[in-house]
Amino acid sequence: MSTAQETTGGEVEPWEEVTPDAARRLLVAAVEAFAERGYHATTTRDIAGRAGMSPAALYIHYKTKEELLHRISRIGHDKALEILQTAARREGTAAERLADAVSSFVRWHAGRRTTARVVQYELDALGPDARAEILDLRRQVDAEVRGIIQEGLASGEFDVIDVHGTTLAVLSLCIDVARWFNVNGPRTPEEVGALYADLVLRMVGAK
């Protein structure tokens with residue numbers, strides 16, 4: 001399954017943020033190449049070839065290979081943050097919102113596993129300014145999950161000794177799905193999301 005066809009709950013990943021079509025094709029090709037070969041082993045010629053374009057055509061849309069990675073990482077982190085913000089701001093108990101946040105986050109990492117692997121594991125390839133921007137988004141992601149856990153602790157729904165450590169464990173558990181999930185495996189993204197939501201609620205001692 002290609003990056004362009006990856007799904008979460010049947011929704012196609014269109015990369016609608018990226019225009020024109022040639023820029024989108026190059027970005028999708030870069031995601032596939034980075035996930036398969038790693039950022040440093042991938043050349044601009046590799047990316048252009050996957051997109052059916054010449055290397056010179058790539059530079060019309062992206063000045064450098066790093067600019068491509070930065071764009072991929074920014075879009076991916078924005079989507080991850082949006083997923084968690086939506087769950088955190090919905091009505092319901094802290095337990096319901098945490099379960100929604102975890103299941104949605106896991107579904108994205110399973111359904112968009114190729115993209116998610118690049119987004120989550122190629123951070124160190126970015127330059128200082130781009131890396132700082134992405135780290136700020138990661139801090140916001142952390143804050144959304146930590147906020148739900150803190151609310152559950154304050155309301156008596158959760159029994160958590162170390163909020164920061166638990167937040168890190170929850171996010172690590174969700175993100176790692178992108179590393180091992182197999183579309184031909186025994187579980188769908190929805191089933192993994194439901195399983196992980198249950199595991200996390202047990203982790204926080206939900207009552």
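Residues numbered from 1 in each chain as written. Predicted model: local features only at pLDDT ≥ 70, side-chain atom pairs only at ≥ 80, totals over all residues. Heavy atoms only, no water.

A. Geometry of the UniProt feature "DNA-binding region" (unreviewed entry) in the chain. The UniProt entry lists residues 43-62 under the feature "DNA-binding region" (unreviewed entry), expressed in the numbering used here. As a span, residues 43-62 carries 70% helix and 0% strand, and end to end its C-alpha atoms are 13 Å apart. (UniProt positions renumbered as here; feature names shortened; annotations may be inferred. Helix = DSSP H or I, 4+ residues; strand = E, 2+ residues; numbered from the N terminus.)

B. A look at the packing of aromatic side chains. The final tally for this structure, using the stated rule, is 2 aromatic pairs. Taken together, a centroid distance of 5.2 Å and an interplanar angle of 55° make the contact between Phe-34 and Tyr-39 tilted. Considered together, Phe-34 and Tyr-39 belong to a single accessibility category, that of buried residues. When the centroid spacing of 6.1 Å and the interplanar angle of 55° are considered together, the rings of Trp-180 and Phe-181 count as tilted. In this structure, Lys-65 is placed above the aromatic ring of Tyr-39, and the distance from its NZ or CZ to the ring centre is 4.2 Å. (Phe/Tyr/Trp six-rings, centres within 6.5 Å; stacked < 30°, edge-to-face > 60°. Buried < 20%, exposed > 50% of the residue type's maximum accessible area, 1.4 Å probe, protein only. Lys NZ or Arg CZ within 6 Å of the ring centre and 35° of its normal.)

C. How the structure looks around the UniProt feature "domain: HTH tetR-type" (unreviewed entry) in the chain. In the numbering used here, UniProt assigns the feature "domain: HTH tetR-type" (unreviewed entry) to residues 20-80. Regarding residues 20-80, the helix share stands at 77% and the strand share at 0%, and the terminal C-alpha atoms are separated by 24 Å.

D. Looking closely at helix 6 (residues 113-121). Of all 9 residues in helix 6, 7 are buried, a share of seventy percent or more. Considered for burial, the residues of helix 6 that qualify are Arg-113, Thr-114, Thr-115, Ala-116, Val-118, Val-119 and Gln-120. Buried residues in helix 6 make contact with helix 1 (21-37), helix 4 (65-89), helix 5 (94-111), helix 7 (128-155), helix 8 (163-175) and helix 9 (177-180). (Contact = heavy atoms within 4.5 Å.)

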